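# Residue-level structural notes
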Amino acid sequence: KIIDAVWIQSIISAVENSRGGAGGEILGDVLKRISRGRAGSRSAGQVDLALKKSTQQVPPELDVAAAAAIYNIMRILHAELPSLVDATAPALTPAKQFLSEEVELRGLLDETLARGIKAYSQAITTSIGSLRTALRTGSVRSVKNVVPTVELLSNGSIQVDVKLGLRIEAPSLLPTLSPRQREDNKKGQGQSPLGFPLELELISVYKIDRRGKIIEHRIVENKINGQKSPADVVSSWIRGGDRLQASSPEKTVQSFVDAVKWARSLSGN
């Protein structure tokens, strides 16, 4: 059975090139070309296999409702995440309407930070609230618009990359003034520090089930001023919400301040 175009072309070429020759010569030429064609077809087969492997990693096929849910989750994340730095916005749990009742929040070490929709919503709402409190009290200022990157991964999960461009204004968080600066300030001739830049990059992955529900939100990487932050910095920021939820605004912002102090330590201040 002739199974590919290489074999067909071999036969045609052999017949055309051997016109007038003996049947044995034609047959011999055909066999030689078919032999070469088989080698070529194996090589082509290997290429096809490699291409097949490279294209196998595609998001799973879902029914219309679940596929629509994934689209809407991505759309809502695009719409809601810019409000992270809006101090006047209402409490936020991104894509809350698509959360599973059993949703889990997992940290950089794959540890469970919250389990169940109530605990998850509280952790997320309060950690975002601590940032907004810092913005509202003037301790921190937003200097860039938040433009999230929302991507559908090959396994069907959704990856989100958010960069927050901030500037620290609170005197207690700014680098220490030099003796000359302190003296100038006493005389009313100096200027307060202009602020300390703080860029937070938060990367996380939302795992979606076949119903189109978010069953896991995993923090995969965080950077502060371009440096990867220790796992406990972000985890304590999120977990801090449980302890500080009913406290004063000054105490509520403390878990966020801890991350800021770590960022300052990177600069040697």
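This text follows the structure it describes.
Calculation rules
- Residues numbered from 1 in each chain as written.
- Predicted model: local features only at pLDDT ≥ 70, side-chain atom pairs only at ≥ 80, totals over all residues.
- Heavy atoms only, no water.
- Helix = DSSP H or I, 4+ residues; strand = E, 2+ residues; numbered from the N terminus.
- Buried < 20%, exposed > 50% of the residue type's maximum accessible area, 1.4 Å probe, protein only.
- Areas by Shrake-Rupley, 256 points an atom, 1.4 Å probe, with all protein chains shown as cover.
- Pairing = 2+ DSSP bridges.
- Core = buried A, V, L, I, M, F, W, Y, C linked by side-chain atoms within 4.5 Å.
- Contact = heavy atoms within 4.5 Å.
- Salt bridge = Lys/Arg side-chain N within 4 Å of Asp/Glu carboxyl O.
- Expected span 1.5 Å × (residues − 1).
- Arc of directions from axis to C-beta.

## Quick notes on the overall build of the protein chain
Of the regular secondary structure elements, the protein chain holds eight helices and eight strands. Across the 269 residues of the protein chain, 41% fall into the buried class. Summed over its atoms, the accessible surface of the protein chain is roughly 15,500 Å², and 53% of this surface lies on carbon and sulfur atoms.

## Quick notes on the pairing of strand 4 (residues 149-152)
Sheet topology note: the strand 4/strand 5 (residues 158-168) ladder contains four bridges and is antiparallel. Within strand 5, the residue paired with Leu152 across the bridge is Ile158. Turn length for the strand 4-strand 5 hairpin, with the two strands adjacent in sequence and antiparallel, is five residues, and the turn residue Gly156 shows positive phi of about 95 degrees.

## Re the nonpolar core
Among the nonpolar cores identified, the biggest contains 42 residues, and Leu77, Ile158, Leu164 and Ile214 are the most heavily contacted of them. Breaking this core down by element, the ones donating at least two residues are helix 3 (64-80), strand 1 (99-106), strand 2 (112-115), helix 4 (117-136), strand 5, strand 6 (196-208) and strand 7 (214-224). Among the elements that line this core, the one with the most residues is helix 4, at seven residues. Beyond its immediate chain neighbours, meaning those up to four positions away, Ile158 contacts Ile70, Ile73, Met74, Leu77, Val150, Glu151, Leu152, Ser204, Val205, Tyr206 and Ile208.

## Quick notes on the pattern of salt bridges
Inspection of every chain in the model, using the stated rule, returns seven salt bridges. The partner of Glu104 in a salt bridge is Arg115, with the nearest N and O atoms 3.0 Å apart. Of this pair, Glu104 sits in strand 1 while Arg115 sits in strand 2; the two residues are eleven residues apart in sequence, bridging distant segments of the chain. Taking the relative accessible area as the measure of exposure, Glu104 reaches 17% and is therefore buried. By relative accessible area, which is 55% here, Arg115 ends up exposed. Of the charged contacts in the structure, one is a salt bridge between Arg106 and Asp110, with a shortest N-O distance of 2.9 Å. The buried category is assigned to Arg106, whose relative accessible area is 15%. What emerges from the salt-bridge pattern is a single network uniting Glu104, Arg106, Asp110 and Arg115.

## Considering the environment of Ala79
As for its placement among the helices and strands, Ala79 is situated in helix 3. In the structure, Ala79 is positioned 16 residues away from Ala95 in sequence and 9.7 Å away in space, judged by C-alpha atoms.

## Remarks on helix 3
The end-to-end C-alpha distance of helix 3, which contains 17 residues, comes to 24 Å, matching closely the 24 Å that a straight helix rising 1.5 Å per residue would cover. Three or more residues of helix 3 are buried, namely Ala66, Ala69, Ile70, Ile73, Met74, Ile76 and Leu77. Burial along helix 3 is one-sided: seen end-on, the buried residues are contained in an arc of 165 degrees. Exposed positions of helix 3 whose direction lies more than 90 degrees from the buried face are Val64, Ala65, Tyr71 and Ala79. Buried residues along helix 3 sit against strand 4, strand 5, strand 6 and strand 7.

So far we have only geometry, and geometry alone does not tell us how the molecule works.
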